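# Examining the three-dimensional arrangement
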Amino acid sequence: MKLLPVAPLLLLVLTTLEARPKPAALKCRTGPLDIVFVIDSSRSVRPFEFETMRRFMIDIIGNLDVGPNATRVGVIQYSSQVQNIFSLKTFFTREDMEKAINSIVPLAQGTMTGLAIQYTMNVAFTVQEGARPPHKKIPRIAIVVTDGRPQDRVTEVATQARDAGIEIYAVGIQRADMTSLRAMASPPLEEHVFLVESFELIRQFGKQFQDKLCGVDMCVERDHGCQHSCVSTPGSFYCECNPGYQLNADRKTCSPIDACADGRHGCEHQCVSARGSYSCRCRAGYYLNQDKRTCSMIDYCSFGNHSCQHECVSIPSGHRCRCHRGFTLQPDGSSCRATDLCNGVDHGCKFKCVTSEGSYHCVCPEGQQLQADGKGCSRCGAGHVDLVMVIDGSKSVRPQNFELVKQFVNRIVDLLEVSPQGTRVGLVQYSSRVRTEFPLNKYHSADEIKEAVMKVEYMEKGTMTGLALKHMDDISEWARRAKESGIVMFAVGVGKAVEEELRAIASEPVEQHFSYSADFTTMTHLVENFKLNICPEEGRGETEIRSPCECEALVQFQTNTVAILQSLTERNILWVLRGRTGAQSSPQLWGAASKLLPGEAQGLAAGMGGGDG
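About the thresholds
Residues numbered from 1 in each chain as written. Predicted model: local features only at pLDDT ≥ 70, side-chain atom pairs only at ≥ 80, totals over all residues. Heavy atoms only, no water. pLDDT = per-residue confidence, 0-100. Helix = DSSP H or I, 4+ residues; strand = E, 2+ residues; numbered from the N terminus. Contact = heavy atoms within 4.5 Å. Core = buried A, V, L, I, M, F, W, Y, C linked by side-chain atoms within 4.5 Å. Buried < 20%, exposed > 50% of the residue type's maximum accessible area, 1.4 Å probe, protein only. Phe/Tyr/Trp six-rings, centres within 6.5 Å; stacked < 30°, edge-to-face > 60°. Axes fitted to C-alpha atoms, helices over the stretch in contact; angles between N-to-C directions. Parallel < 35°, antiparallel > 145°, perpendicular 65-115°, else oblique. Left-handed = near helix turned anticlockwise from the far one by under 90°. Nonpolar A, V, L, I, M, F, W, Y, C, P; charged D, E, K, R; others polar. Polar contact = N/O pair within 3.5 Å; in protein donor to acceptor, adjacent residues only side chain to side chain. Lys, Arg positive; Asp, Glu negative; His and termini not counted. Salt bridge = Lys/Arg side-chain N within 4 Å of Asp/Glu carboxyl O. Arc of directions from axis to C-beta. Pairing = 2+ DSSP bridges. Disulfide = S-S within 2.5 Å.

Before going further, it helps to spend a moment on the confidence of the model for the protein. For the protein, the average pLDDT comes to 77, and 72% of its residues sit at 70 or higher. Confidence scores differ between elements of the protein, with helix 12 (residues 465-468) showing the lowest mean pLDDT of 39 and strand 3 (residues 82-86) the highest of 97. Contacts for the low-pLDDT stretch residues 1-26, under 50 throughout, to residues beyond four places or in other chains number 34 contacts. With pLDDT under 50 throughout, residues 578-585 is counted as low confidence; its partners more than four residues away or in other chains account for 53 contacts.

Right, let's talk about the nonpolar core for a bit. Proteins that are soluble and globular tend to have nonpolar side chains buried together. Judged by nonpolar contacts, the single largest core of 29 residues is most densely connected at Phe-37, Met-57, Val-73, Ile-101, Ile-143 and Val-145. Breaking this core down by element, the ones donating at least two residues are strand 1 (34-40), helix 1 (47-62), strand 2 (72-78), helix 2 (94-102), strand 4 (140-146), strand 5 (166-173) and strand 6 (193-196). Among the elements that take part in this core, helix 1 stands out by supplying 7 residues, more than any other. In this structure, Ala-124, Ala-131, Ala-176 and Ala-185 belong to the second largest nonpolar core, which totals 28 residues.

Further remarks concern the packing of aromatic side chains. Given two aromatic rings, their pairing is described by the distance between the two centres and the angle made by the two planes. Under the counting rule described, the total for this entry stands at 5 aromatic pairs. Measuring from ring centre to ring centre gives 5.2 Å for Phe-86 and Phe-91, while their planes differ by 65°; the resulting arrangement is edge-to-face. Between Phe-438 and Tyr-443 the ring centres are 5.2 Å apart and the planes differ by 75°, which places this aromatic pair in the edge-to-face class. Side by side, Phe-438 and Tyr-443 carry an identical accessibility label, which is buried.

Take the packing of helix 3 (residues 113-124) against helix 4 (residues 155-163) next. The contact between helix 3 and helix 4 brings their axes to 9 Å, and the two run at 20°. Between helix 3 and helix 4, the angle falls in the class roughly parallel. Helix 3 and helix 4 meet at a crossing whose hand is left-handed. Residues Gly-114, Ile-117, Gln-118 and Met-121 of helix 3 form the contact with helix 4, whose participating residues are Val-157, Ala-158, Gln-160 and Ala-161. Of the residues in the contact of helix 3 with helix 4, the class split is 5 nonpolar, 3 polar and no charged.

So, on to the side chain of Ser-79. With respect to the helices and strands, the residue Ser-79 is situated in the loop between strand 2 and strand 3. Polar side-chain contacts of Ser-79 include one of 3.5 Å to the side chain of Gln-109.

What follows covers the side chain of Arg-140. Locating Arg-140 in the fold gives a position in strand 4. Despite being buried, Arg-140 has no salt bridge partner; Asp-34 is the closest side chain of opposite charge, sitting 4.8 Å away. A polar contact of 2.8 Å, which involves the side chain of Arg-140, links it to the backbone oxygen of Arg-132. Not counting the four nearest positions on each side in its chain, Arg-140 is found in contact with Asp-34, Phe-125, Ala-131, Arg-132, Pro-133, Pro-134, Gly-165, Ile-166 and Glu-167.

On to helix 2, then. Among the residues of helix 2, Met-97, Ala-100 and Ile-101 are the ones counted as buried. For helix 2, the buried positions fall inside an angular range of 100° around the axis, keeping them on one side. Residues of helix 2 that are exposed and angled more than 90 degrees away from the buried face: Glu-95 and Lys-99.

We now examine the environment of Thr-159. With respect to the helices and strands, Thr-159 occurs in helix 4. Judged by its relative accessible area of 29%, Thr-159 falls in the partly exposed class. In this structure, the C-alpha to C-alpha distance between Thr-159 and Met-184, residues 25 residues apart in sequence, is 7.6 Å.

This brings us to the sheet that holds strand 6. If you trace the 6 strands from one edge of the open sheet to the other, you get 3-2-1-4-5-6, paired in mixed fashion. Looking at the sheet topology across the chains shown, the edges are occupied by strand 3 and strand 6. On average, each strand axis in the sheet is tilted by 20° relative to the strand beside it, whichever way the strands run. Note that strand 1 and strand 2 share 7 bridges and pair parallel. The residue of strand 2 that forms the bridge with Asp-34 is Arg-72. On top of the sheet, helix 2 reaches strand 2 and strand 3; it is set at about 145° to strand 3, its chief contact.

On to the state of the cysteines, then. Scanning the entire structure with this criterion turns up 11 disulfides. At a sulfur-sulfur separation of 2.0 Å, the disulfide partner of Cys-241 is Cys-254. Looking down the S-S bond of the Cys-241 and Cys-254 bridge, the torsion is -90°, so its handedness is left-handed. Here Cys-254 lies in strand 10 (residues 254-256) and Cys-241 lies in the loop between strand 8 (236-240) and strand 9 (245-247), a separation of 13 residues in the sequence. Between the sulfur of Cys-349 and that of Cys-362 lies a disulfide, 1.8 Å long from S to S. Every disulfide takes its handedness from the sign of the S-S torsion; for Cys-349 and Cys-362 that torsion is -75°, giving left-handed. With Cys-349 in the loop between helix 9 (341-344) and strand 19 (352-356) and Cys-362 in strand 20 (residues 359-363), the pair connects residues that are 13 residues apart, well separated along the chain. Under the relative-accessibility criterion, Cys-362 is labelled buried at 6%.

Direction vectors running N to C along helix 1 and helix 2 enclose 175°, while the axes themselves pass 10 Å from each other. When the axes of helix 1 and helix 2 are compared, the pair comes out roughly antiparallel. The segment helix 1 lies against helix 2, with Arg-54, Arg-55, Met-57, Ile-58, Ile-61 and Gly-62 engaging Arg-94, Met-97, Glu-98, Ile-101 and Asn-102. A per-class count over the contact of helix 1 with helix 2 returns 5 nonpolar, 2 polar and 4 charged.

The following block contains the structure:
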């Protein structure tokens, strides 16, 4: 076979290389590399020649530092088709690679070199087949070994492979076409195109070719400054970080990868990053659920050691006790006591608030009824009452007691529903003379009356007590006349008041219209007695329920209504607060008081007096 003429730079005379063999123990420390051998196994390659190719690959691999983080090696053979012997991810020891190479069975068909380069680019150097990602900058080297002319186009596909970052070495044996080799190889061509005269010399060529793959280990020769590890590449190096770390902007130091930073962890409470991974953690008082993401609060109450009298409530820090409505938790934090709601709410009760379990209610004094609002107490609101109060202003009463009398009068006013159309109140003061403080028609509200009462000035005149007993018959006579005119008389005695005079004044039955108190400071208990007698009776007795449509029922209803209206309309009261008063003042007193009441109407009168000592 005629040897094709080649340029001196591309012709490798191996006889000159035999004088400078490299020690077999020397390993290529440049790595890591991703190397794929592309071996021609067409029918033109005779069996002994193919065995030489096996030894060529084994010798080169023997001088490489192979491993998953060092140099990775793959082998494919081609003829009319492409066959993957093993990929870059298959083996990581020289022994396994050598065994696989020795098991290759040649295809013995045509020479489709372009197809083989296409497969190398599209399949052999993919990450799926074990190639390192491009950003790691691991050199990708394809070594194409062929003995003949390709039967397909190689120029275009080789250009695409080189543009994809594959460095192509073209090794031609004997009959190889130099033009095709140059079309395959990467620039500079003098470093990537080789022609070997015979298969016998290819093993010697392998030792020389090793120099092209191996160079200076930059990680050893230089102070690389990598925090974790240095990766040497032909003529350069780069730093890598251990798993779970990432390279910083300085391209030398490393920082732990914060797997929680992207916010996709799904942890309900806390995300804890740890060397590129993460785990979820719950706050104190919670536990992690089976999904390893969400958290549930620990039910401390379920432990059964809470000692709460009513209810136990779990909280993140433990538990707390809670009482039923209407109860208050005690300082021990466990027991409960009924709450005095009357002291804690604006109950609005007009008289008195009473606490019951979990609630409260208003009550009224004896003789009064709770109104519909549940807060106020019934007052003298039925009918029209004209009430004239006659109070003793003699010097025997004394100023401090006179103030108590005025307060007592205002307590009576509090029982009444005062209005122009309802109850009206007048006030008369007497001593040695009689003075009208205000008539029935002057004030139209309880507040106005009470204010006027407190402004009344104490007369502090003589009481003519010495003449009182002498003119007893005159007092009785005037009292009789007042009662005969329809005035209901109430008599109240304080201290040394003469009982005979009080009874003579009081209307029948005397016991209901006569009251006595030992002194002015204790007479407030008489207010309820007056209410029961002054206020019209409301709702007493039983009511027979009959059909409202019956004739007898209608007649009876009309009769009862007329009677009630007559008993409630235009009643007059004379209320006398009396002491031991001279008889000479009695006609003047009764006359003045009577003038305040309507002449023809029935009425009530009350009087109050005190003894002079």
